[in-house]
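A look at the structure
As a plain string of letters, each chain reads:
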Amino acid sequence: VHNARNPNTQSLKIEGIKDIIAVASGKGGVGKSTTAVNLAVSLAKRCQLKVGLLDADIYGPSIPLMMQLKGKPELGNDRKMIPIESYGVKCISIGSLVDEREAIVWRGPMVMKALEQLTRGVDWGILDVLVIDMPPGTGDAQISISQRLQLSGGLIVSTPQDVALLDARRGVKMFSKVNVPILGILENMSYFKCPKCNESSYIFGQGGARKTAAEMGLKFLGEIPLEVEIRSGSDEGVPIVMSKPDSIISQAYGEVAEKV
Ligand code: ADP
């Protein structure tokens, strides 16, 4: 079933959307949603593109919190959902449509049904790029999404830690299997810089993602440190690229946006 050439594979190409980029990770908690949010806002603000953000993380949709989305999307005249705009990005989250406790046990086909609603059932208008915050992992739900949405590219987020990198490799394989070009690996939580003594501590190891990218012949997209303001920005619904656009971290996200 998981074959790009499978004739039964229906594509969900969405009219008006030029490119679809998926932000994926082999496992949860590595900063995939944080990356998707800061990337989407950077693409809108810094690159001046028309951007959409689709939260497809059925196991823990966090975009409503991170982007301060209030309420449920309204329906337009054509019964299509109108995305909620935040920081210049049109957002839709699976979290505002289904109960998380229900969705967590969904298999690929159920996820695809919901995804169909979230893509073609939404009045996205004209978009240069739609960023998708994928469910973590590399199971059949993730493969279905990668296969059916005609992705322009996939970005993999990983921490420098060995186990996370093993999972990142699975993510790379997943995209390759369904012929989705890989945009590169972004390392998150690369180091922690002590605000008092300025020394960097490599809590999860050093240089892991860069090495893995090199070994796999992939682009290395940069390092994002562990930083209180990234976490608090997410929790407060103000992404760091908005609250501190001139910080080194926001510059790093901006560079990722320009590279992809
Ligand atoms: P995932 O989508 O991979 O599950 P999240 O983006 O939701 O991960 O991040 C998990 C938690 O870690 C969140 O509370 C988020 O704010 C925090 N976090 C992510 N990246 C960083 C970072 N670079 N520095 C500090 N906190 C981070």
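To start, this report covers the structure provided alongside it.

Rules of the game
- Residues numbered from 1 in each chain as written.
- Predicted model: local features only at pLDDT ≥ 70, side-chain atom pairs only at ≥ 80, totals over all residues.
- Near = placed C-beta within 6 Å.
- Helix = DSSP H or I, 4+ residues; strand = E, 2+ residues; numbered from the N terminus.
- Nonpolar A, V, L, I, M, F, W, Y, C, P; charged D, E, K, R; others polar.
- Buried ≥ 20, exposed ≤ 12 C-beta atoms within 10 Å, placed from the backbone.
- Contact = placed C-beta atoms within 7 Å.
- Axes fitted to C-alpha atoms, helices over the stretch in contact; angles between N-to-C directions.
- Parallel < 35°, antiparallel > 145°, perpendicular 65-115°, else oblique.
- Left-handed = near helix turned anticlockwise from the far one by under 90°.

So, the site of the ligand
Taken together, 18 residues lie near the ligand, and Gly 31, Lys 32, Ser 33, Thr 34 and Arg 231 sit nearest. Of all elements in the fold, only α1 (32–45), β7 (182–193), β9 (220–226) and α8 (228–236) reach the threshold of two or more residues within the shell around the ligand. Here the shell around the ligand is built from residues that sort into six nonpolar, nine polar and three charged.

Describing helix α5 (residues 140–148)
Those residues of α5 lying buried are Ala 141, Gln 142, Ser 144, Ile 145, Ser 146 and Gln 147. On its buried face, α5 sits against β1 (17–24), α4 (108–119), β6 (153–158) and α6 (162–177). Of the residues one or two after α5, Gln 150 is the one with positive phi, at around 45°.

Observations concerning the packing of α4 against α5
Running from amino to carboxyl end, α4 crosses α5 at an angle of 45°, the nearest separation of the two axes being 8 Å. As judged from the angle between their axes, α4 and α5 are oblique. When you trace α4 past α5, the crossing you get is right-handed. Together, Gly 108, Val 111, Met 112 and Leu 115 of α4 and Asp 140, Ala 141, Ser 144, Ile 145 and Arg 148 of α5 make up the contact between the two elements. Of the residues in the contact of α4 with α5, the class split is five nonpolar, two polar and two charged.

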